[in-house]
Amino acid sequence: MLVGNRFRADDVRVFTSIAGLPAHPLLVHLSVVAAPVGAILLLLWATVPRWRARLGAVTVGVSTVAFAASLLAKSTGEALLPAMGLSEHAPGQVGPHAQYADLLVVAVGLCLGISVLLYAAQRWLTTDRFTRRETLLLALRALAVLAAVFSLVMVALTGHAGAQLVWGNFPN
């Protein structure tokens, strides 16, 4: 497991339900929206020069929400496993979805980290302080594109695997 949960699933500190319903299917939607929006903003910020001045803080903010939402969705998903007779060590049919979720948290975390670095370098780093500023910005923008694409792919794979678990046997 790439990203762990420091609380056991039966620990009362894990947020497991909202109004008697499992929290995961309710909270996962924030991650499903925020992660791709953050990734698309990061792509635009990295590739469209005229938008760079306006998208920095917004991208960092949305990426922060996306990372928090992804951690929360993953945590509440892990908390559902015992109710399904499963565990993190024996996730059964949930395994692929859980593995994708681990990678999604990594991808969204990379987007957040790169967006913070890019924002700081773009805003506060001058050529007087660092003569290779433009090279650094170019490298961060290239990493931003890769992280954003990784995040978008992982959102799609994680969501698809989760939808198959829920709706895979839905009658035609």
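Residues numbered from 1 in each chain as written. Predicted model: local features only at pLDDT ≥ 70, side-chain atom pairs only at ≥ 80, totals over all residues. Heavy atoms only, no water.

*Asks:* Could you clarify how one ought to interpret the overall build of the protein in this entry?
*Replies:* Counting its secondary structure elements, the protein contains 4 helices and 2 strands. The secondary structure elements of the protein, listed N-terminal to C-terminal, are β-β-α-α-α-α. Seen through its C-alpha atoms, the protein measures out along the principal axes to roughly 60 × 40 × 30 Å. Considering only residue pairs separated by 6 or more positions, the protein has 72% of its internal contacts joining residues 24 or more positions apart. When the accessible surface of the protein is totalled, it reaches about 10100 Å², and 67% of it is carbon and sulfur. Treating the 12 positive side-chain charges of the protein as one cloud and the 7 negative ones as another, the clouds have centres 14 Å apart. (Helix = DSSP H or I, 4+ residues; strand = E, 2+ residues; numbered from the N terminus. Contact = heavy atoms within 4.5 Å. Areas by Shrake-Rupley, 256 points an atom, 1.4 Å probe, with all protein chains shown as cover. Lys, Arg positive; Asp, Glu negative; His and termini not counted. Charge placed at Lys NZ, Arg CZ, Asp CG, Glu CD.)

*Asks:* Please clarify how unusual backbone geometry should be interpreted in this entry.
*Replies:* Glycine aside, residues mostly have negative phi, and peptide bonds are mostly found in the trans state. Of note in the backbone geometry, alanine 19 takes a positive phi value of approximately 50° without being a glycine. Looking at the element boundaries, alanine 19 is found in the loop between β1 (17–18) and β2 (21–22). For alanine 19, a relative accessible area of 80% translates into the label exposed. (Buried < 20%, exposed > 50% of the residue type's maximum accessible area, 1.4 Å probe, protein only.)

*Asks:* Help me out: how do you make sense of the layout of surface pockets in this one?
*Replies:* Empty space among the atoms becomes visible once a probe the size of a water molecule is rolled across them. Its volume calculated, the largest pocket comes out at about 890 Å³. Forming the walls of the largest pocket are 36 residues, and the residues nearest its centre are His24, Gly77, Val94, His97 and Ala98. Elements with a minimum of two residues in the lining of the largest pocket: α1 (23–47), α2 (52–80), α3 (95–124) and α4 (133–167). Residues that form the lining of the largest pocket fall into these classes: 19 nonpolar, 13 polar and 4 charged. (1 Å grid on protein atoms, 1.4 Å probe; cavity = no way out; pocket = protein on both sides within 12 Å on 5 of 7 lines; lining within 4 Å. Points joined across faces, edges and corners; volume = space filled by probe spheres on them. Nonpolar A, V, L, I, M, F, W, Y, C, P; charged D, E, K, R; others polar.)

*Asks:* Quick question: what am I supposed to make of the packing of α3 against α4 here?
*Replies:* The packing of two helices is summarised by the inter-axis angle and the distance between the axes. Orientation of α3 relative to α4, taken along the N-to-C sense of each, is 155°, at an axis distance of 8 Å. By the angle between their axes, α3 is roughly antiparallel relative to α4. Handedness of the α3/α4 crossing: left-handed. In terms of residue class, the contact of α3 with α4 is made up of 26 nonpolar, 5 polar and 2 charged. (Axes fitted to C-alpha atoms, helices over the stretch in contact; angles between N-to-C directions. Parallel < 35°, antiparallel > 145°, perpendicular 65-115°, else oblique. Left-handed = near helix turned anticlockwise from the far one by under 90°.)

*Asks:* Help me understand the environment of valine 58 in this model?
*Replies:* Of note, valine 58 is situated in helix α2. Residues valine 58 and glycine 38, spaced 20 residues apart in sequence, show a C-alpha to C-alpha distance of 8.8 Å.

*Asks:* Looking at this structure, how should I read the pattern of salt bridges?
*Replies:* In a structure, side chains of opposite charge can pair up when their charged atoms sit close to one another. One pass over the structure, following the stated rule, counts 3 salt bridges. The partner of glutamate 78 in a salt bridge is lysine 74, with the nearest N and O atoms 2.2 Å apart. Pair noted here: glutamate 78 and lysine 74 are both in helix α2, with a separation of 4 residues, about one helical turn. Note on accessibility: glutamate 78 and lysine 74 belong to one class, buried. Residues aspartate 102 and lysine 74 are paired through a salt bridge, measuring 3.0 Å at the closest nitrogen-oxygen approach. Here the residue aspartate 102 occupies a position in helix α3, and lysine 74 occupies one in helix α2, the gap between them amounting to 28 residues. With respect to class, aspartate 102 is no different from lysine 74; both count as buried. Each of the salt bridges in this network shares a partner with another, and the network as a whole consists of Lys74, Glu78 and Asp102. (Salt bridge = Lys/Arg side-chain N within 4 Å of Asp/Glu carboxyl O.)

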